[in-house]
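Reading the structure
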Amino acid sequence: MGSEKYPKQNEFDAFLKKHGGLSNASTDCEQTLFHFEVRRKNFKEALDRFAQFFVSPLLNKRSSEAEIQAVDSEFQMSLQSDAARKLQLLSSQSRRGNPFSKFLWGNMKTLQLVPQEQGLDVNVHAREFYARAYSANYMTLVVVSGEMLDTLENWVTEIFSQVPKNGLSQPSFGDCLLPFDELFHHVVKVQPVKEIHQVDIVWQLPCMFHTYRCKPLHYVGWLLGHEGPGSVLSVLRQKGWALEIVAGNGEEGYEYNSSFSLFSCSIILTEEGLMNVFECCSVVFQYLEMLRCRGPQRRIFDELKTIEDIEFQFQEQVRIECSGFCMMYRSLCGLDGTCGLCC
């Protein structure tokens, strides 16, 4: 969108393309990630151009309109996605006023037409949001390059020291109520786009950031998704009710954030399984009750840890996606909210 130092629109992308690089960005519920890669010899110049988006972005109206069109295009492509449709349906069931109840996407209607009807200038609000949310103390910078560490540290200090700090405390949603009432026991039937029979069971949990070392969601999800003898899936398959089961938490922002966590169990059903859907759910709840009564098992935890260690140690070796890889995002690893630098 251009910056005061590099005002031409799309100049950054043109520079990267010229030097064999690329860039991308993604927005989640509580963080936004920006990254790029480029040839090593052009890394410092690209880093400076990148930093200027956070130092002094132009945010002019023409660029904003182009971005709105891009967002609307992504939204239109998602309309036939069963996963996106179910997520928005789930959010619509949450408490009125809860952050999760908001429209989780953006489109031409919400970003342009409705604001125009209400006499709001989207560009002005974008500038206000930048001043409030893009503060150095909210950000984490990761730099990967073949340069010496001292060199990278000097570059980062020189280039990013101008990123403004607004003096405000970092926003948090930890004091929000859980999105659903405690007695939220609803059955919602959905007409899917795809020809599929599926049941999704979703539980709401408090924020689970503090459990990142012991990973209880991963533990329970691994057991629920197990396919061996005595597993939920083996029982359902014997009855001819299910084809596949997936359980756990994918750590996406809508299901893993500072306010709450969601744990889900999804079962792909057969025609007969659809006729016995509540019996399928009963098997899941019986299995969970068994796990609750037995409590955490060290043997299972160690087995899961060993599997994860082996997969990490012997994973297929691939080139790092970025010869120069830079991300600026709110770090969920630094649970104290501090910023860090990794080179």
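Residues numbered from 1 in each chain as written. Predicted model: local features only at pLDDT ≥ 70, side-chain atom pairs only at ≥ 80, totals over all residues. Heavy atoms only, no water.

1. Considerations on the side chain of Glu 30
So the rule is basically this: Numbering of helices and strands runs from the N terminus; a helix is a DSSP stretch of H or I covering at least four residues, while a strand is a stretch of E covering at least two. Within 3.5 Å is the distance limit for a polar contact, defined as a pair of N or O atoms, with the added protein rule that one can donate a hydrogen and the other accept it, and that residues adjacent in sequence qualify only through two side-chain atoms.
Looking at the secondary structure, you find Glu 30 in the loop between strand E1 (22–27) and strand E2 (32–37). Side-chain polar atoms of Glu 30 contact the side chain of Ser 258, separated by 2.5 Å.

2. Section: the pairing of E2
Under the convention used in this document: When DSSP finds at least two bridges between two strands, those strands are taken to pair.
Two strands pair when backbone bridges link them, and E1 and E2 are joined in this way by six bridges, in the antiparallel orientation. Residue pairing in the sheet places Thr 27 in a bridge with Thr 32 of E2. The hairpin turn running from E1 into E2, its antiparallel successor, is four residues long.

3. Topic: the pattern of salt bridges
So the rule is basically this: Think of a salt bridge as a Lys or Arg side-chain nitrogen and an Asp or Glu carboxyl oxygen that are within 4 Å of each other. Buried residues are those whose accessible area, probed at 1.4 Å on protein chains only, stays under 20% of the maximum for their type, while exposed residues exceed 50% and partly exposed ones sit between those limits.
One pass over the full model with this rule turns up eleven salt bridges. Where Arg 49 meets Glu 45, a salt bridge forms, and the shortest distance between an N and an O atom there is 3.0 Å. You can see Arg 49 and its partner Glu 45 sitting in helix H2 (residues 43–55), four residues apart, about one turn around the helix. A salt bridge links Arg 292 to Glu 289, with the nearest nitrogen and oxygen atoms 2.7 Å apart. You can see Arg 292 and its partner Glu 289 sitting in helix H11 (residues 277–294), three residues apart, about one turn around the helix. Assessed through its relative accessible area of 56%, Arg 292 is described here as exposed. Judged by relative accessible area, which is 38%, Glu 289 ranks as partly exposed. Salt bridges here are not isolated pairs; linked through shared partners, they connect Glu 11, Glu 45 and Arg 49.

4. Details of the environment of Leu 236
Under the convention used in this document: By definition, residues are in contact when any of their heavy atoms lie within 4.5 Å.
By the secondary structure assignment, Leu 236 is in helix H9 (residues 232–238). Separated by 115 residues in sequence, Leu 236 and Asp 121 place their C-alpha atoms 55 Å apart. If near-sequence neighbours (up to four positions away) are discounted, Leu 236 is found in contact with Trp 241, Ala 242, Ile 267, Cys 280 and Val 283.

That's the geometry; what it means functionally is another story.
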